[in-house]
Amino acid sequence: MSETIFSRIIAGQIPCHRVYEDVHVLSFLDISPLAPGHTLVIPKEPARTLDELSEESAAALGRVLPRICRAVKQVTGCAAYNLLQNNEAAAHQAVFHVHFHIIPKPDEVRGLGLRWNPGKLGNEAAELARALSEAVSR
Ligand code: 5GP
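I will try to describe carefully the structure that is included in this document. Sequence positions are assigned chain by chain, starting from 1 and proceeding in written order. Local features in this predicted model are restricted to residues of pLDDT 70 or higher, and side-chain atom pairs are both shown and tallied only at a pLDDT of 80 or more, whereas totals for entire chains, interfaces and linings draw on every residue. Hydrogens and water are ignored here; the side-chain numbers use all heavy atoms of the structure.

**Brief notes about the sheet that holds strand β1 (residues 18-21)**
- Two strands pair if DSSP finds at least two bridges between them. In DSSP terms, a helix is any run of H or I states spanning at least four residues, a strand is any run of E spanning at least two, and both are numbered starting from the N terminus. Read across the sheet, five strands follow the order β1-β2-β3-β5-β4 without closing on themselves; strand pairing throughout is antiparallel. The two strands at the open ends of the sheet, each matched to only one other strand, are β1 and β4 (81-84). Strand-to-strand twist across the sheet, computed as the mean angle between neighbouring axes with direction ignored, equals 15°. The axes used here are C-alpha line fits, helices contributing only the stretch in contact, and every angle between their N-to-C directions lies in the interval 0 to 180 degrees.

Structure follows, in structure tokens:
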């Protein structure tokens, strides 16, 4: 995987406001926060998208995410928050190193804005679930 701004942060070549670090995970404040306390959580493993991540890194992220969410809630005093994880440019990924955003939602204006256009699950559901289930167990 090519170098990204996050791999340079992990290597200590670029400074960050660190929130948490262990062998597999680094967490720091987003440089352009959508709300105060907007925090990024990244694996040290250089994976571009979540589906490329090893189970070891995924487990390490899963273990620590709730803890960092609790810290963000406690320190910002904001009970509402979103987790966002973008994969590929079409899905708004700008830095091609896996990362989770923890984004407090203090009010209507600040935090994550969402456009949510729900469809309706139709006749394709059974076949779709079967195909996904088969792919997951491969
Ligand atoms: P994405 O759109 O890829 O999900 O989000 C990338 C995030 O990384 C953005 O929210 C952006 O503000 C943040 N970011 C980009 N460059 C830097 C940087 O050098 N330092 C920090 N702390 N955050 C960055």
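**A few points about the site of the ligand**
- Proximity is defined per residue: if any heavy atom of the residue lies within 4 Å of a molecule or strand, that residue is considered near it. Close to the ligand lie 16 residues, the nearest being Asp 30, His 92, Ala 94, His 99 and His 101.
- A distance of 2.9 Å separates a nitrogen atom of the ligand from a polar backbone atom of Leu 29.
- A distance of 2.8 Å separates an oxygen atom of the ligand from a polar atom in the side chain of His 101.
- To measure how exposed things are, a 1.4 Å probe is used in the Shrake-Rupley method; for residues, cover is taken only from the protein chains shown. Computed on the free molecule, the ligand has an accessible area of 530 Å², of which 82% lies beneath the protein chains in the complex.
- Put simply, the parts of the chain that give the shell around the ligand at least two residues each are α1 (5-10) and β2 (25-29). Polar contacts here mean pairs of N or O atoms no more than 3.5 Å apart (in protein, one a potential hydrogen donor and the other a potential acceptor; neighbouring residues in sequence count only if both atoms are side-chain atoms).

**Structural notes on the pairing of β1**
- Of the strand pairs in this sheet, β1 and β2 are connected by three bridges, and their pairing is antiparallel. Within β2, the residue paired with Tyr 20 across the bridge is Ser 27.
- Counting the residues in the hairpin turn of β1 and β2 gives three residues.

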